[in-house]
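Below are the chains, spelled out letter by letter.
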Amino acid sequence: MSLFGESIGVYPYSGEPDAETENARLVTLALGAETFLRGGGRLSMVDWTGLDSQERAVFAAVGDKLAARGAVRLATAARSVMGAAAVVAVIDDGDELVRLHLTSLLDRLERRGK
Amino acid sequence: MAVSSALTALKVPGSLFFDVVGNAGPGTELGLVRDVQIRVAEGRSPIPVEEHGIELAGSVYLGEQWRMAFALRGDDADAFGLVFKNVVGGAVQWPGVGKVPGRHTAQDSIRLEFVPKEASHRGVVFASAIPELVEELEVDLGHRVEHLVLCTFLALREGVTPAGSVSWGP
């Protein structure tokens, strides 16, 4: 049993696993891996050799997902000012995004000539 | 506490209320004010000089209008339904005949009041404000999503009577 599996409470099978147990195990592994990587964790070669094949596959898939998410955020921020504000909302609690939307609303009314 | 402008008074934590024009208020709460922007517009009527064609001799000052955009959270959907009605010819009689947001006129105006959370802060009263647009905004904050309602109102800065004016401060 790997240190990673032990840390998230996922243990080797005892007996023949059913589909539901297998799914629950994969979901738990994926959530644990995502939490670890998003928290800034990095796997060393020693860590890697201690993982079983299923755990390695989960880490690879979650790593791809997080990389894709980062690329989407970069593209969204680069596309427009509103997109950048949406990405930054995580940091400034959405202040800039709200300000831009209010400005856009007032601009729209002025263009209507009301 | 003296305040130099309504926008200064609106920047403290507080809620937005609405009521029928002429009532003492504050009325029904619309929501907690998250952010606000005000644009001031002067109304002027041009005085053309006929003998010179389209030249203008001057203009008459008609007053000042405030167009306000609020971002509200913790909103009351039923209250918004009363102010920004989008049902034409509905059974609800107050504050006027149902109209699509953005098509309201002076007869649809409401009394708007900003009530600050702290008693020491001054409130702002818009005695006659016309509701304009309303839309929703979802802000992804990472660990949660914040739901806001953005709404705009048009208010006259000064009316024929004090009851039709915007008032704030001491």
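Being a predicted model, the structure only gives us computed values, none of them experimental.

## Considering the overall build of chain B
So, step 1. Helix and strand counts for chain B stand at two helices and seven strands.
So, step 2. Going from the N terminus to the C terminus, chain B shows its helices and strands as α-β-β-β-α-β-β-β-β.
So, step 3. Considering chain B as a whole, with its 170 residues, one finds that 41% of them fall into the buried category.
So, step 4. In chain B, the share of contacts with a sequence separation of at least 24, taken over all contacts with a separation of at least 6, comes to 59%.
So, step 5. As displayed, chain B offers around 8,900 Å² of accessible surface, 55% of which is attributable to carbon and sulfur atoms.

## A short note on the overall build of chain A
So, step 1. Scanning chain A for helices and strands turns up six helices and zero strands.
So, step 2. Sequence-ordered secondary structure for chain A, helices as α and strands as β, is α-α-α-α-α-α.
So, step 3. For a compact globule of 114 residues, the expected C-alpha radius of gyration is about 13 Å, and chain A comes in at 22 Å, more than 25% above that figure.
So, step 4. Principal-axis analysis of the C-alpha atoms gives chain A an extent of 75 × 30 × 20 Å.
So, step 5. The buried share among the 114 residues of chain A stands at 27%.
So, step 6. For chain A, the share of sequence-separated contacts (at least 6 apart) that also reach a separation of at least 24 residues comes to 48%.
So, step 7. When the accessible surface of chain A is summed, it comes to about 7,200 Å², and 59% of that surface belongs to carbon and sulfur atoms.
So, step 8. Side chains of chain A give 13 positive and 16 negative charges; the mean places of these two sets differ by 13 Å.

## Points about the packing of aromatic side chains
So, step 1. Evaluation of the coordinates by the stated rule reveals five aromatic pairs over all chains.
So, step 2. Plain terms: the ring middles of Phe 36 of chain A and Phe 59 of chain A are 6.1 Å apart, the flat faces sit at 85 degrees to each other, and that makes the pair edge-to-face. One end of the pair, Phe 36 of chain A, is in helix H2 (residues 19–38); the other, Phe 59 of chain A, is in helix H4 (residues 53–79), with 23 residues separating them in the sequence.
So, step 3. Accessibility expressed as a relative area gives 33% for Phe 36 of chain A, which makes it partly exposed.
So, step 4. By relative accessible area, which is 5% here, Phe 59 of chain A ends up buried.
So, step 5. Summarising the aromatic geometry, the rings of Phe 70 of chain B and Phe 153 of chain B are spaced 6.2 Å apart at their centres and angled 65 degrees between planes, so their arrangement reads as edge-to-face. Taken together, the residues span a long stretch of sequence, with Phe 70 of chain B in strand E3 (residues 56–73) and Phe 153 of chain B in strand E6 (residues 145–156) at a distance of 83 residues. Phe 153 of chain B matches Phe 70 of chain B in its accessibility class, with the two residues each being buried.
So, step 6. Each member of the aromatic cluster is reached from another via a ring pair, and the members are Phe 70, Phe 80, Phe 84 and Phe 153 of chain B.

Calculation rules
Residues numbered from 1 in each chain as written. Chains lettered and ligands numbered in written order. Predicted model: local features only at pLDDT ≥ 70, side-chain atom pairs only at ≥ 80, totals over all residues. Heavy atoms only, no water. Helix = DSSP H or I, 4+ residues; strand = E, 2+ residues; numbered from the N terminus. Buried < 20%, exposed > 50% of the residue type's maximum accessible area, 1.4 Å probe, protein only. Contact = heavy atoms within 4.5 Å. Areas by Shrake-Rupley, 256 points an atom, 1.4 Å probe, with all protein chains shown as cover. Rg over C-alpha atoms; globule rule 2.2 N^0.38 Å. Lys, Arg positive; Asp, Glu negative; His and termini not counted. Charge placed at Lys NZ, Arg CZ, Asp CG, Glu CD. Phe/Tyr/Trp six-rings, centres within 6.5 Å; stacked < 30°, edge-to-face > 60°.

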